[in-house]
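# A look at the structure
Here's the letter readout for the chains.
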Amino acid sequence: FLKKLWRIVGSHRFQSIWWGDNGNCVMIAERLFREEVLARRGPLKIFETESMRGFLLQLNLYGFCKMERDSLISASIDELRAVAAAGSALGKLLFYYSPFFKRDYPNLLRMCTQR
């Protein structure tokens, strides 16, 4: 799960999930993520789950915490403006954080363990 997540967050092929500005959190455009990632079938399927709830449960299982919008320090003003300009096609914006899931530190992934 974590290796797949790491790959898609850093990939330019997916517009529904990306690193927060400083690489310390994962930003997910919920509606687009459902269509772009979770709706894949067959050999293109990425995660075992097809539901957003199941995906978020996996994040929680690996110690990710949901960040509230008002506590964000990782998203730049330009980044948030771009998301707002994209409109409702993206859906609700979700922010998740783990101290062991950081953009420039793939070696920390081994510290992420299931609860």
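Up top you'll find the structure we're talking about.
The sections below set out a description of the structure shown in this document. These numbers were taken from a predicted model, which means no experiment stands behind them.

Right, let's talk about the packing of aromatic side chains for a bit. Throughout the structure, instances matching the rule amount to nine aromatic pairs. Ring centres of Phe-1 and Tyr-62 lie 5.6 Å apart, and the angle between their planes is 10°; this geometry places the pair in the stacked category. Of this pair, Phe-1 sits in the segment before α1 (2-10) while Tyr-62 is found in the loop between α3 (52-61) and β3 (65-66), placing the two residues 61 residues apart along the sequence. Under the relative-accessibility criterion, Phe-1 is labelled partly exposed at 22%. Take Tyr-62: its relative accessible area is 15%, and that puts it in the buried class. Ring centres of Phe-47 and Phe-55 lie 5.3 Å apart, and the angle between their planes is 55°; on these two criteria the pair is classed as tilted. Taken together through their ring pairs, the aromatic side chains of Phe-1, Phe-33, Phe-47, Phe-55 and Tyr-62 make up a single cluster.

The residue Lys-102 is located in the segment after β4 (93-97) in this model. In this structure, the C-alpha to C-alpha distance between Lys-102 and Trp-19, residues 83 residues apart in sequence, is 8.4 Å. Apart from residues lying up to four places away in sequence, Lys-102 is in contact with Trp-6, Trp-19, Gly-23, Asn-24, Tyr-97 and Leu-108.

Hydrogen bonds along the backbone pair up the strands of a sheet, which may run parallel or antiparallel. Strand order in the open sheet formed by four strands is β1-β2-β4-β3, with antiparallel pairing between adjacent strands. The strands lining the two open edges of the sheet, one partner per strand, are β1 (17-19) and β3. Here five bridges tie strand β2 (residues 25-29) to β4, and the two strands are oriented antiparallel to one another. In the strand pairing of β4, Met-27 is matched with Phe-95. Set on the sheet, helix α2 (residues 30-38) makes contact with β1, β2 and β4; between it and β2 the angle comes to about 85°. Across the sheet, α3 is in contact with β2 and β4; its angle to β4 comes to roughly 20°.

Our focus in this paragraph is the nonpolar core. Counting residues in each nonpolar core, the largest one holds 26 residues, and the members touching the most others are Ile-28, Phe-33, Phe-55 and Phe-101. When residues in this core are grouped by element, the largest group, five residues, is from α1. Setting aside anything within four residues of it in sequence, one finds Phe-33 in contact with Ile-8, Ser-16, Ile-17, Ile-28, Leu-38, Phe-47, Met-52 and Phe-55. Ranked by size, the runner-up nonpolar core spans eight residues in total, among them Trp-18, Met-67, Leu-93 and Phe-95.

For the coordinates displayed, the defined rule picks out four salt bridges. For the salt bridge of Arg-34 with Glu-30, the shortest nitrogen-to-oxygen distance reads 2.7 Å. Pair noted here: Arg-34 and Glu-30 are both in helix α2, with a separation of four residues, about one helical turn. Given the relative accessible area of 40%, Arg-34 is considered partly exposed. Linked by salt bridges that have partners in common, Arg-41, Lys-45 and Glu-50 make up one network.

Cut-off values and rules
Residues numbered from 1 in each chain as written. Predicted model: local features only at pLDDT ≥ 70, side-chain atom pairs only at ≥ 80, totals over all residues. Heavy atoms only, no water. Phe/Tyr/Trp six-rings, centres within 6.5 Å; stacked < 30°, edge-to-face > 60°. Helix = DSSP H or I, 4+ residues; strand = E, 2+ residues; numbered from the N terminus. Buried < 20%, exposed > 50% of the residue type's maximum accessible area, 1.4 Å probe, protein only. Contact = heavy atoms within 4.5 Å. Pairing = 2+ DSSP bridges. Axes fitted to C-alpha atoms, helices over the stretch in contact; angles between N-to-C directions. Core = buried A, V, L, I, M, F, W, Y, C linked by side-chain atoms within 4.5 Å. Salt bridge = Lys/Arg side-chain N within 4 Å of Asp/Glu carboxyl O.

Don't take any of this as a statement about function, it's just geometry.
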